Amino acid sequence: MNTRILVILSLLVGIGAVLHTVVPPMLFGVKPDMLLAMMFLGILLFPKMKYVLILSIATGIISALTTSAPGGQIANIIDKPITAILFLAMFLLVKDRISTTISAPVLTAVGTIISGSIFLSVALFILGLMEGGFLALFVGVVLPAAVVNTIIMVVVYPVVQGIMKRSKPITAA
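Residues numbered from 1 in each chain as written. Predicted model: local features only at pLDDT ≥ 70, side-chain atom pairs only at ≥ 80, totals over all residues. Heavy atoms only, no water.

Considerations on the pattern of salt bridges
Side chains carrying opposite charge are able to pair once their charged atoms draw close together.
Here comes step 1: What the rule picks out here adds up to two salt bridges.
Here comes step 2: The network of salt bridges with shared partners includes Asp-33, Asp-79 and Lys-80. (Salt bridge = Lys/Arg side-chain N within 4 Å of Asp/Glu carboxyl O.)

In structure tokens:
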């Protein structure tokens, strides 16, 4: 594994952790997951399964440590790897067909919705630890998080692409 790639991914997780920590809870202690945007950015930059697995596990653990949702610890650890693998699969399907400038925000919105659905399903139905209904939490937390994550990706992804092009080439070997 390339150490430079791991350092970049860890920086993205750190930035995401700060975002995830400072965002206030919306409904029943559930926060929109801003850490997802950074995980998705890492996957877009280095779409290799080994990096995706490491990134998703680290993201799940950090997200579990910073969540305020009841049952969110277990739900985050289950949700992040599944979401990351699905996001990688969707990205690999469209990367040669659609410009990443367009596909990155769209996939981020879809990925956030997938992540939120998995998280809520685990927390509400499997663990039974959260109050509120799935639809209310989905509309009140997941959809706004999808909008915010998409806006973050629209702004941040082109900047990061420019920085990566100017820096010493990093190959995802």
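Side note on the side chain of Ser-56
Here comes step 1: For Ser-56, the location among the structural elements is in helix 3 (residues 49-66).
Here comes step 2: What makes Ser-56 buried here is its relative accessible area of 0%.
Here comes step 3: The residues contacting Ser-56, other than those within four sequence positions of it, are Met-39, Lys-80, Pro-81 and Ala-84. (Helix = DSSP H or I, 4+ residues; strand = E, 2+ residues; numbered from the N terminus. Buried < 20%, exposed > 50% of the residue type's maximum accessible area, 1.4 Å probe, protein only. Contact = heavy atoms within 4.5 Å.)

Points about the confidence of the model for the protein chain
Here comes step 1: Residues of the protein chain with pLDDT of at least 70 account for 90%, and the chain-wide mean is 87.
Here comes step 2: Per-element confidence in the protein chain ranges from a low mean pLDDT of 87 for helix 6 (residues 134-166) to a high of 94 for helix 4 (residues 72-94). (pLDDT = per-residue confidence, 0-100.)

Description of a nonpolar patch on the surface
Here comes step 1: On the surface, Met-49, Leu-53, Ile-57, Ile-61, Leu-65, Ile-77 and Ile-85 cluster together into a nonpolar patch covering about 630 Å² of accessible area.
Here comes step 2: For the nonpolar patch, the element with the most residues is helix 3, which contributes five residues.
Here comes step 3: Examined against the element boundaries, Leu-53 turns out to sit in helix 3. (Patch = residues over 30% accessible without salt bridge, like charges linked within 9 Å, V, L, I, M, F, W, Y side chains within 5 Å. Areas by Shrake-Rupley, 256 points an atom, 1.4 Å probe, with all protein chains shown as cover.)

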